[in-house]
Every structure is written in structure tokens, then in C-alpha cells.
Amino acid sequence: MQGKAWSKYLLSLPPLTYLLVFFAVPTFIMLFASFRYAGEYGGLAPWYLHEHGRLSLELTLENWQRLVGTDIYLRLFAKSISYAVITTVLCLVMAFPLALVIARSGHRYRDLLLLLVILPFWSNFLVRIYAWMIIFSPVGALTRMINALLDLVGAGPITLMYSPTAVIVCLVYVHLPFMVLPLYANLEKHDPALLDAAQDLGAGQWRRFWLITWPLALPGITAGSILVFIPVLGMFAVPDLLGGTTGIMIGNVIKQQFMESRDWPFGSVLSMVLTATAVAVVLLGVRLGQGRKGRG
Amino acid sequence: MKKILFLLLLLLASPVWAVEELHMFNWNDYISTDVVADFEQTYNCKVVQDYYSGTEEMMAKLLAGASGYDLVIPTQNAVQALIQQGFLEKLDKGALANLKNLDPAFLNRSYDPGNIYSLPYAYTTTLIGFNEQRLKEQGIEPTSWAVIFDPAVLAKIKGKVTVMDDADELFGAALKYLGYSVNDVDEKHLREAQAVIIKAKPYWAAFNSSSYIKELTVGNIWVAHGYSSDMVQARNDALAAKRNFMVNFILPKEGAILALDNMVIPQAARNKKLAHLFIDFLLDGKNAAGLSNDVGAGNPNKAALPFINADLKELTAIFPDQQTLATLETLEATNAKVRRLKNTLWTEIKLQ
């Protein structure tokens, strides 16, 4: 028995080390970088100077002061979090019925439906965004159709492209499978006898859903929400391409620091805050999932 | 089974037949494909191209350690920064017989005195491309930066304008509009420029540095702030697609940014010999003319002039005369402090 436990740890050691090293090391590098000065042409300035036989540390708090010295970055975080929350909720609302249908359909169709859910992954992420750019295009069929309908009722034309709505529609589209798959994995395991028993005892459709399916699905909901929320929070490609002048998110500003401004220290500060936000959300999600379970 | 094995063998064996490769890092849409094909045929090699759409993006990639490029086409301010970083290889002038073709007016500039590391490739201006018919319908005569900055003008073309997603270019245009130099780093002047941008922003559809050629050609966008060479392509594409409108462009009367692009070889290049061969090939008059005829760029090559289409040579936006040239400025390399200031102002703009 003891030997078995030992071999279990031995087997999980490589993946565990892999994950830990490649999460922890970059995080510490960034944490350190956030206290350093930016190099004149990009990169980082040396963190110590050896002058007149004396060693002086070249570390600073100014990068962190820049974060809190103005409200623009906090507002940007708030905006990104709201985009991520909206996307997660929309994904959940759309994915739940779909996952339920797949989980309760016969084995013959189940695999086909699952395949259809992951089918979009066969084409590249950017290609899918460009497809949305064509769909939303002002001279595209969709926009023209909507505007023709609006014209009938006397309303002015609208533009779909380059708007926060376009960003959210695309974010939901891209992340929907990440919600469907964990939900399906969870719902599929539910024992149908529970629902039958509830029905026999006189519970209506809604009560059966809220008292049985929903609480049992919470782990799946938590997993799916985390899988959607975190990548959306740091997203930069979608707002870059579809966001126009108002759709910017925190990911765009982080990208700017490392690319356009070549300001690694401040980029590190923003990345650290983003990582901390993500960790906080995961902890909160796990907490919520457990809390409900305890009460149920 | 035998057939499959044979195919597998073929797959494995293909590297044996692989020809020499030249890895090039260039602005997007900034080389004549015919000239590249000619070179590949002449020297039995393959030119592998990677593209970038902004100087800062290219610098970030190179300085973050992207290696393996044999030839890079950076703009003058980037050349200066790359030289200071010790990133570039000294050019072997002995291997460049066509060096004599270059116009001395574009040589020996302050960013690389004596052209030790770089040779001019082509030049562009940053200007305004527009949809002739749509602007005429609105009664707008584009002559100045006002067409992208003045709310009174923009009110008529709201949502039909894009500007470059590039702080240096957009601040440069706004500074020019205000009558300052594009290299002005005075915080007060930069704040004035920021105010101009913020006032105009609600009327813009997007910040776009990469797909405005397409947007102009399709007719989604009526006014775009972008590079002259791109506008020539948008004009040609719209003509070729037989649109019911013309794409045209003007150099604003307040002046604009002139970008002199150069050929450089990184120290880490793997195939310096082939890179020199390609530079010399591109310096040949007829080949250099391709950059103007096919791409719409200005040309620093004297020997190319006879081969350049006459209608192109007449355009002062592409081949500026002395008077126009006096209003144009090149961007200088900026230090970390200025970049940080500009980025803060830029982020504030984006968040408005």
C-alpha cells in the first residue's frame, strides 16, 4: 500500500514540477521586474550598479506608484472584469441548456453533438475573429439586413463592427465550448433516478431543476466559469480587432507595455495585478461552490 | 503499404533538397513580389518573409530576442536605436556593386553617418487616404489634418474614419496639426495634442494600422490615416475591383511624417552572404523601381527613376518636391522617459 502511494507521487512529479516551475518562475521574474527600471531601449535596466567600489541597488516603487497614482488603470481593470463577467454569464446561460440536451440525448447523437461543439477549434482562433469582422462589416449582409429592418420601423441605422457589443459577441462565441464541455461532463453523471423520485414526490419542473440539477451541477458551473472568465479577462486580440475606439481591455494595455512602449517593469506590474485578480476569482469560485454544497 | 513507406521516405528526405533560405523581416505590403520571385529564381533560393505593422512592434520583437532574420527593413529612428544596441552587422560595401545607384541625398544621414550599417530602401509619408466620391457628397475638401481632427468636419463623416493604432504616428499628426514638430517631447504640447485626439475620437470608427487598405477599398471607411504606399495600393485595388468610387490621398498642408526605410543585416543573421546578394539585387535600378510601381513607395534609387511609371512620379505625396519636402519630418528615436509619458497619454486616450 505504501509502495503504491509512493509510485503515485513519483508519477505525478513530472507534470507537477512542470506546471509549478513554469508558473512560479515567470511569476517571480515579473514580480522582480516590477520593481526595476525600464532599459533605455526596452528590456530592463541593471538592478544594481557597481560604482566607486560601492554596490547600489537600482530598485524602485515608481512602477507601482504609477498604477495607483491615477484611476485609469483601476477603471480599465473594472471594465475588463465587467466584460469577463458578462461573457461568463452569457456563456453559462447559453451553454447550460445545450449541455443538458447533449447529456440527456441518446448515445448515438451524443458523440456527434460533442464533436460539433469542438468543431470550431479546427480552424484557427484569428481566422474565426476575422470571420466575425466580415459578418459585422458595415457593407456586409447582416448589417444591411438589420438596417433595412430598422428603416422599416423608422429607426436610424446602426453599426455592428467596432463596438463593445461586437467584442462581447465574439468573446462569447470563442469561449462557449469551454463552458459546454465541463458542464456536459458534470451533467452526464447525474443520476436520473433523483429527478424521477422528485417527480413522484410531487416536485414541479422548476423545483426539480433548482433543488436537484442546479446544486449538483455547481462544480461543473464553477469549472466552466473559471475556464471562461480567466482567458477573457486577459484577452487582447478580440478587442484589438473588433473593439474600435472604445473596446480596449487590460490585455491591450499590457501588450502595449511590452510591445509599443517597451516598458517591461510597468507591464509586469499590470500582469501581476491581472494574475492576482485571476487567483482571487478562482478562490472565490471554489469557495462559492463549496459553500452551496455545505448548505445543500 | 509500400507506397505509404515511399511517401514517408520522400517526406523525410525533403530537407536534402532544401535550397538556401533568406529570412526577411519587413513592413507588410512593402516589397514587389515579382522582384522576390526573380531573386529566388536567379540565386536558386527561397525568401521567407515575416511582416510587421509598426516600428515599436518590430523593435519589441527584435529586442526580445527574435533571431534568425537575415535582412530587416527598419525605419530611420529604429535603425538609430538598433545601432546603439549593437544589434547590426557592418555592411560589406565591396559586395554591393549597385551601391552607386543610390541618390546621395538619402545617404550619410544623422541616424547612421557614413551608412556603415544601413542603406536606404524606400520612403513613405504618413498621410490621409480618402474616398473621393463620398467626401465630395459631404462637401468635404481634404487639404489638412482637420479632416481627421476637426469635430466640425468629422460630424459629417462620423464612424467612417480610422486613424493609425500607433502613438508616434497619431501624436505626430496631431502635433503637426497644432503647428509643432513631430519630435516635440514637451509635455505641455503633448497634452495639447492629446486633447485634440480625445475631442476627435468619438467620431472615429477605430484605431487601425493593419487593415485600412481593405476597409478603404471595400468602402467601409471613407477617410484613413496611413502610409502613402498603402494608399497607392488601396487606390489600385479599388480601380481593379471596379468600385463605383475612387480612393485618393493627400499630404496635409501642415506637413507630415516622412519615413525613410532601410536595409540592415542583424549581427545574428545566419546567411549574411545571401543577404548582401539580395541587397545588391534590390539596389539594381530596374528591381528598385518595382518598389514604386508595385508598392507605391518613394524611391531613393537614381537608377530606378527611368523605370518608374510617369503618373506615379508626378504625385508629390509619393515623390515630394523641394517645397513639400520642407514640410516633412522624420521621427527620432525616443528614450524610456518619453515613451512612458506618451504611453500614459495614449492609454488615457484609449480609455476615454
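Thresholds, definitions, all that
Residues numbered from 1 in each chain as written. Chains lettered and ligands numbered in written order. Predicted model: local features only at pLDDT ≥ 70, side-chain atom pairs only at ≥ 80, totals over all residues. Helix = DSSP H or I, 4+ residues; strand = E, 2+ residues; numbered from the N terminus. Rg over C-alpha atoms; globule rule 2.2 N^0.38 Å. Buried ≥ 20, exposed ≤ 12 C-beta atoms within 10 Å, placed from the backbone. Contact = placed C-beta atoms within 7 Å. Nonpolar A, V, L, I, M, F, W, Y, C, P; charged D, E, K, R; others polar. Axes fitted to C-alpha atoms, helices over the stretch in contact; angles between N-to-C directions. Parallel < 35°, antiparallel > 145°, perpendicular 65-115°, else oblique. Left-handed = near helix turned anticlockwise from the far one by under 90°. Domains from an automatic or database assignment. Core = buried A, V, L, I, M, F, W, Y, C linked by C-beta atoms within 7 Å.

Draft legend 1. Spatial organisation of the overall build of chain A. Secondary structure summary: chain A contains 12 helices and 2 strands in total. Taking 296 residues into account, the globule formula puts the C-alpha radius of gyration at 19 Å, and chain A, at 24 Å, lies well above it. Relative to its 296 residues, chain A shows a buried fraction of 30%. Of all intrachain contacts in chain A linking residues separated by at least 6 positions in sequence, the fraction that spans at least 24 positions is 69%.

Draft legend 2. Quick peek at the overall build of chain B. In terms of regular secondary structure, chain B is built from 16 helices and 9 strands. Computed over C-alpha atoms, the radius of gyration of chain B comes to 22 Å, within 12% of the 20 Å expected from 2.2 N^0.38 for 352 residues, which places it in the range of a compact globule. Dimensions of chain B along its principal axes, counting C-alpha atoms only, are 70 × 45 × 45 Å. In chain B, which comprises 352 residues, the share counted as buried stands at 50%. Looking at chain B alone, contacts between residues at least 24 apart form 74% of all its contacts between residues at least 6 apart.

Draft legend 3. View of the interface of chain A and chain B. Listed per partner, the contact involves 25 residues of chain A and 27 residues of chain B. Of the residues contributing to the side of chain A that touches chain B, the split by class is 11 nonpolar, 9 polar and 5 charged.

Draft legend 4. Local environment of unusual backbone geometry. The backbone phi angle of Tyr162(A) is positive, close to 55°, even though this residue is not glycine. Positionally, Tyr162(A) belongs in the loop between helix H6 (141–152) and helix H7 (164–187). Unlike most non-glycine residues, Asp29(B) shows phi in positive territory, near 50°. Turning to its location among the elements, Asp29(B) is positioned in the loop between strand S1 (20–27) and helix H2 (33–43).

Draft legend 5. View of the packing of helix H3 (residues 72–104) of chain A against H7(A). Residues and elements named next belong to chain A. With their axes 7 Å apart at the nearest point, H3 and H7 run at an angle of 45° to one another. Comparing their axes, H7 and H3 come out oblique. Of the two possible hands of crossing, H3 and H7 adopt the one that is right-handed. Of the residues in the contact of H3 with H7, the class split is 23 nonpolar, 2 polar and no charged.

Draft legend 6. Representation of the domain arrangement of chain B. Residue and element names in this part refer to chain B. When its domains are assigned, chain B resolves into domain 1 (20–123 + 259–319) and domain 2 (126–257 + 331–351). Computed from C-alpha coordinates alone, the two centres of domain 1 and domain 2 are separated by 26 Å. Contact residues are listed per partner, giving 14 residues for domain 1 and 16 residues for domain 2. Sort the elements by how many residues they give to the side of domain 1 that touches domain 2 and helix H4 (residues 76–84) lands first, with 3 residues. Residue composition of the side of domain 1 that touches domain 2, grouped by class: 7 nonpolar, 6 polar and 1 charged.

Draft legend 7. View of the packing of helix H4 (residues 107–118) of chain A against H7(A). Residues and elements named next belong to chain A. The contact between H4 and H7 brings their axes to 9 Å, and the two run at 150°. By the angle between their directions, the pair H4 and H7 is classed as roughly antiparallel. For the element pair H4 and H7, the recorded crossing hand is left-handed. Contacts between H4 and H7 involve Leu 114, Val 117 and Ile 118 on the former and, on the latter, Pro 177, Val 180, Leu 181 and Tyr 184. Across the contact of H4 with H7, the residue classes break down as 7 nonpolar, no polar and no charged.

Draft legend 8. Main features of the nonpolar core. One finds Leu183(A), Leu242(A), Leu71(B), Ile148(B), Val161(B), Ala174(B) and Val223(B) to be the most contacted residues of the largest nonpolar core, which totals 155 residues. Among the elements that make up this core, the one with the highest residue count is H7(A) (13 residues). Counting residues domain by domain, this core receives three or more from each of domain 1 (20–123 + 259–319) and domain 2 (126–257 + 331–351) of chain B. Apart from residues no more than four positions distant in its own chain, Val161(B) is found in contact with Ile148(B), Leu154(B), Tyr203(B), Trp204(B), Ala205(B), Ile221(B), Trp222(B) and Val223(B).

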